[in-house]
Amino acid sequence: EADIYQTPRYLVIGTGKKITLECSQTMGHDKMYWYQQDPGMELHLIHYSYGVNSTEKGDLSSESTVSRIRTEHFPLTLESARPSHTSQYLCASSESYRIQETQYFGPGTRLLVL
Amino acid sequence: GESVGLHLPTLSVQEGDNSIINCAYSNSASDYFIWYKQESGKGPQFIIDIRSNMDKRQGQRVTVLLNKTVKHLSLQIAATQPGDSAVYFCAETRISSGSARQLTFGSGTQLTVLP
């Protein structure tokens, strides 16, 4: 089982609050990813990182931001949460030296913005 | 545009029967495919993968078939068990800008195993 962790697992917060979703992996993977997933729906990539100090936007436009100061840590921040941000957020990581890069996922954070 | 989609949103099978979950993709440049299993309240879990230079790959109780001619992927689960109940996603990767391989996911098939 992959060693990738996300906190909190569940978060209920009011509109306008700033929140940070944490993601950490202990596998030494260079690449990390954030996906947004509505219940029963496909995953949409919102951010990814090649390594330290690298961040890129994904396919789905998002008002969130990310940072990658340490290899193992890839937090996602929403400066001002809105009800439209209610969703599940999944973090993943993968090795960079393999041709086939399987992404390993964390358990996810379910966010509800009231 | 490019997409990865699943033919059936739900599938119910009797315990002990074989399950077949299908997936269609539209990007002929896709070179690597993965099946993920996602149980309720959990993140996707890797099941099996296949490269575009292969037609078939077998794992423990699972087999993935790739038909590049019709851009079709399937996951076969032998002797389906109650623990197999989950949503199954196929995903494809392609070389994109930079070195990060982005995954494109399909919409998922809910597999329900009946007693």
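Criteria and cut-off values
Along each chain, the written sequence defines residue order, and numbers are assigned to residues from 1. Whichever chain is written first becomes A and whichever ligand is written first becomes 1, with later ones labelled in order. Totals for whole chains, interfaces and linings use every residue, but because this is a predicted model, local features are given only for residues with pLDDT of at least 70 and side-chain atom pairs only at 80 or more, for both listing and counting. With hydrogens and water stripped out, all remaining heavy atoms of the structure feed into the side-chain values. Any two strands with at least two DSSP-identified bridges between them are counted as paired. Under the scheme used here, helices are H or I runs from DSSP no shorter than 4 residues and strands are E runs no shorter than 2 residues, and both carry numbers assigned from the N terminus. Any two cysteine sulfur atoms within 2.5 Å of one another count as a disulfide. Burial here depends on accessible area, computed with a 1.4 Å probe over protein chains only, as a share of the maximum for the residue type. Under 20% is buried, over 50% is exposed, and the range in between is partly exposed. On a range of 0 to 100, pLDDT expresses the predictor's confidence in each residue. Centre distance within 6.5 Å is the pairing criterion for rings of Phe, Tyr and Trp, where only the six-membered ring of Trp is used; planes under 30 degrees apart are then read as stacked, over 60 as edge-to-face, and the remainder as tilted. The criterion for a charge sitting over a ring is simple: Lys NZ or Arg CZ within 6 Å of the ring centre, and within 35 degrees of the ring normal. When a carboxyl oxygen of Asp or Glu lies within 4 Å of a side-chain nitrogen of Lys or Arg, that pair is called a salt bridge. Exposure above 30% relative accessible area and the lack of any salt bridge qualify a residue for a patch; like charges then connect within 9 Å, and the nonpolar side chains Val, Leu, Ile, Met, Phe, Trp and Tyr within 5 Å. The Shrake-Rupley method, run with a 1.4 Å probe sphere, supplies the accessible areas, and residue values consider only the shown protein chains as cover.

## Quick word on the pairing of strand 7 (residues 62-67) of chain B
Consecutive residues of a regular strand have side chains that alternate between opposite faces of the sheet.
Residues and elements named next belong to chain B.
Phase 1: The pairing of strand 6 (residues 56-58) with strand 7 spans three bridges and is antiparallel. Note that in strand 7 the partner of R57 across the bridge is V64.
Phase 2: Turn length for the strand 6-strand 7 hairpin, with the two strands adjacent in sequence and antiparallel, is three residues, and the turn residue R61 shows positive phi of about 65°.
Phase 3: Here strand 7 runs beside strand 8 (residues 72-77); their pairing, made up of six bridges, is antiparallel. If you follow T63 over to strand 8, its bridge partner there is Q76.

## Things to note about the state of the cysteines
Phase 1: Under the criterion given, the structure shown has two disulfides over all chains.
Phase 2: Sulfur-sulfur distance for the disulfide between C23 of chain A and C91 of chain A comes to 1.9 Å. On the S-S bond that ties C23 of chain A to C91 of chain A, the torsion sits near -75°, and the link is left-handed. Residue C23 of chain A is located in strand 3 (residues 19-25), and its partner C91 of chain A is located in strand 9 (residues 87-94); the two are separated by 68 residues in the primary sequence.
Phase 3: Note on C23 of chain A: relative accessible area 0%, which makes it buried.
Phase 4: C91 of chain A sits in the buried class, given a relative accessible area of 0%.
Phase 5: With a sulfur-sulfur separation of 1.8 Å, C23 of chain B is cross-linked through a disulfide to C90 of chain B. Negative torsions about the S-S bond denote left-handed disulfides, and the value of about 50° found for C23 of chain B with C90 of chain B makes this one right-handed. Here C23 of chain B is found in strand 3 (residues 19-25), whereas its partner C90 of chain B is found in strand 9 (residues 86-94), with 67 residues between them in sequence.

## With respect to the confidence of the model for chain A
Low-confidence regions, as indicated by low pLDDT, have predicted coordinates that should not be scrutinised in detail.
Phase 1: Chain-level statistics for chain A give a pLDDT mean of 90 and a share of 93% at 70 or above.
Phase 2: For chain A, strand 6 (residues 56-57) of chain A is the element with the lowest average pLDDT, namely 90, and strand 3 of chain A is the one with the highest, namely 97.

## A word on the packing of aromatic side chains
Phase 1: A full pass over the atoms with the stated rule returns 10 aromatic pairs over all chains.
Phase 2: Considering the side-chain rings of Y35 of chain A and F105 of chain B, the 5.5 Å spacing of their centres and the 85° angle between planes classify their relative orientation as edge-to-face. One end of the pair, Y35 of chain A, is in strand 4 (residues 31-37); the other, F105 of chain B, is in strand 10 (residues 102-105), on a second chain. Grouping residues by exposure puts Y35 of chain A and F105 of chain B together as buried.
Phase 3: Here a set of aromatic residues connected by ring pairs shows up, and it is made of Y33, Y35 and F105 of chain A together with Y36, F46, F89 and F105 of chain B.
Phase 4: The side chain of R68 of chain A reaches across the aromatic face of F74 of chain A, ending 5.8 Å from its centre.

## Some remarks on the pattern of salt bridges
Phase 1: Throughout the structure, instances matching the rule amount to seven salt bridges over all chains.
Phase 2: E72 of chain A is the partner of R70 of chain A in a salt bridge, and the nearest nitrogen-oxygen pair spans 3.0 Å.
Phase 3: Look at E72 of chain A and you get partly exposed, because its relative accessible area is 33%.
Phase 4: A salt bridge links R57 of chain B to D49 of chain B; its shortest N-O distance comes to 2.1 Å.
Phase 5: According to the relative accessible area criterion, R57 of chain B is partly exposed, its value standing at 34%.

## Digging into a nonpolar patch on the surface
Residue and element names in this part refer to chain A.
Phase 1: On the surface, V12, L112 and L114 cluster together into a nonpolar patch covering about 290 Å² of accessible area.
Phase 2: Within the secondary structure layout, L114 lies in the segment after strand 11 (109-113).
Phase 3: Take L114: its relative accessible area is 60%, and that puts it in the exposed class.

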